[in-house]
Every structure is written in C-alpha cells, then in structure tokens.
Amino acid sequence: MFERWFYISTSRLGAVQVDEQVRDIVDVSRPRNRLLGVTGALLFTGRRFAQYLEGTPAAIAELKQSIIRDPRHEDVRTIASGPYDVRRFLTWSLAYAGPSRFIANKVEDALNDALQGNIESVEPLAEVLAGFAVEGHG
Ligand SMILES: Cc1cc2nc3c(=O)[nH]c(=O)nc-3n(C[C@H](O)[C@H](O)[C@H](O)COP(=O)(O)O)c2cc1C
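Note that this is a predicted model, so its numbers are computed, not measured.

Colleague: What is the right way to read the pairing of strand β3 (residues 48-55) from this model?
Modeller: The side chains of a regular strand alternate, first on one face of the sheet and then on the other. Of all the eight residues making up β3, eight are buried; the element is thus mostly covered by neighbouring parts of the structure. Covered by surrounding structure in β3 are Arg48, Ala50, Tyr52 and Glu54 together with Phe49, Gln51, Leu53 and Gly55, the residues of both alternating faces. Two elements, strand β1 (residues 3-11) and β3, share eight bridges in a ladder whose sense is antiparallel. Its bridge partner being in β3, Glu3 is matched across the sheet by Gly55.

Put into structure tokens, the structure is as follows:
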C-alpha cells in the first residue's frame, strides 16, 4: 500500500548561496529516499517549499519525522496525505521554480490557494510539481 504526503512550508534558508543550501537538502534526500523506496518532488520558489512524497506508510512516517523538525523551514502544512493508489513520480526529484519570477509567482498563487484549504487546487498543484520535475535531476 502506498501513501502520499503533500505539504507546503515556508523557507528559513538565508539569502546567501541559497542554491547551495537547496542542493545540500537534495544531496541528502536523494540517497535516503532511494533507500526507503520513496519517490516524489521538491519544489522551491525562493520563499516556499512544496513537497510531494510517496512510499510505504512506514517510509513516509520516517521521513516526515525528519522533515518536520528540520530548522531550514517552518510552518509545515499538510495539504494532502494518506493512502493513494498510484505513484506519480518515477524517481525523487527537485522541481525548482526559483529562477523564473513569472513561474514562481504563479506557483505562489497556487500554493496560497492550497493553503487556504481549496481542495480543488491540490491535484493541479501536484501536476505542476510533476511538470517541473526533471527526472534524474537533483
Ligand atoms: C524542504 C525540505 C525537504 C526535505 N526533503 C527530504 C527528503 O525528501 N528526504 C530526506 O531524506 N530528507 C529531506 N530533507 C532533509 C531532512 O529534513 C533531514 O535533514 C535529513 O533527512 C536527515 O535526517 P535526520 O536529520 O533525521 O538525520 C528535507 C529538508 C527540507 C528542509
């Protein structure tokens, strides 16, 4: 049985060398997720993270514990979670929206929508992550 965890959080990364800081997260996440059989995507807009993770309930629970207490972000808010029958991602990847202001703004709008409890926005948002995600990147 698969479970997914889709959340949005607020970045606490310092402004200096932010790319390297995101890269550090990815470098640790990639092997650990692979080991746990977890796939998904991490989106970073410069201000917020959105992350979609999918795997066994035990693996998701384990990661959730680490991620929630990570001081590099705060205000971790679940927008969708629980059993889900399809895997959306083939690998774990980084979907990075930072460099494009236009896209970042669109994504911020979508994230704000989801945070306001607009449940209809959850699936389209997951598709945005899937669309950004570069397989094998990050
Ligand atoms: C936004 C964000 C997303 C993260 N995503 C993952 C992830 O998908 N997989 C992972 O192993 N660690 C992820 N991490 C890092 C974990 O929080 C943690 O630092 C790392 O897994 C090491 O675990 P530990 O602190 O329990 O030793 C993420 C951190 C942040 C800030």
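Colleague: Teacher, can you tell me more about the site of the ligand here?
Modeller: In the vicinity of the ligand, 18 residues are found, and the nearest of them are Arg32, Asn33, Gln51, Ser66 and Asp70. Taking Asn33, its side chain carries an N or O atom lying 2.7 Å from a nitrogen atom of the ligand. Starting from 610 Å² of accessible surface for the ligand in isolation, the protein chains cover 82%. Of all elements in the fold, only α1 (18-36), β3 and α2 (57-68) reach the threshold of two or more residues within the shell around the ligand. Of the residues forming the shell around the ligand, the biggest block, five residues, is contributed by α1. When grouped by side-chain class, the residues that make up the shell around the ligand number nine nonpolar, five polar and four charged.

Cut-offs and rules
Residues numbered from 1 in each chain as written. Predicted model: local features only at pLDDT ≥ 70, side-chain atom pairs only at ≥ 80, totals over all residues. Heavy atoms only, no water. Buried < 20%, exposed > 50% of the residue type's maximum accessible area, 1.4 Å probe, protein only. Helix = DSSP H or I, 4+ residues; strand = E, 2+ residues; numbered from the N terminus. Pairing = 2+ DSSP bridges. Near = heavy atom within 4 Å. Polar contact = N/O pair within 3.5 Å; in protein donor to acceptor, adjacent residues only side chain to side chain. Areas by Shrake-Rupley, 256 points an atom, 1.4 Å probe, with all protein chains shown as cover. Nonpolar A, V, L, I, M, F, W, Y, C, P; charged D, E, K, R; others polar.

The quantities given are spatial measurements derived from coordinates; they are silent on function.
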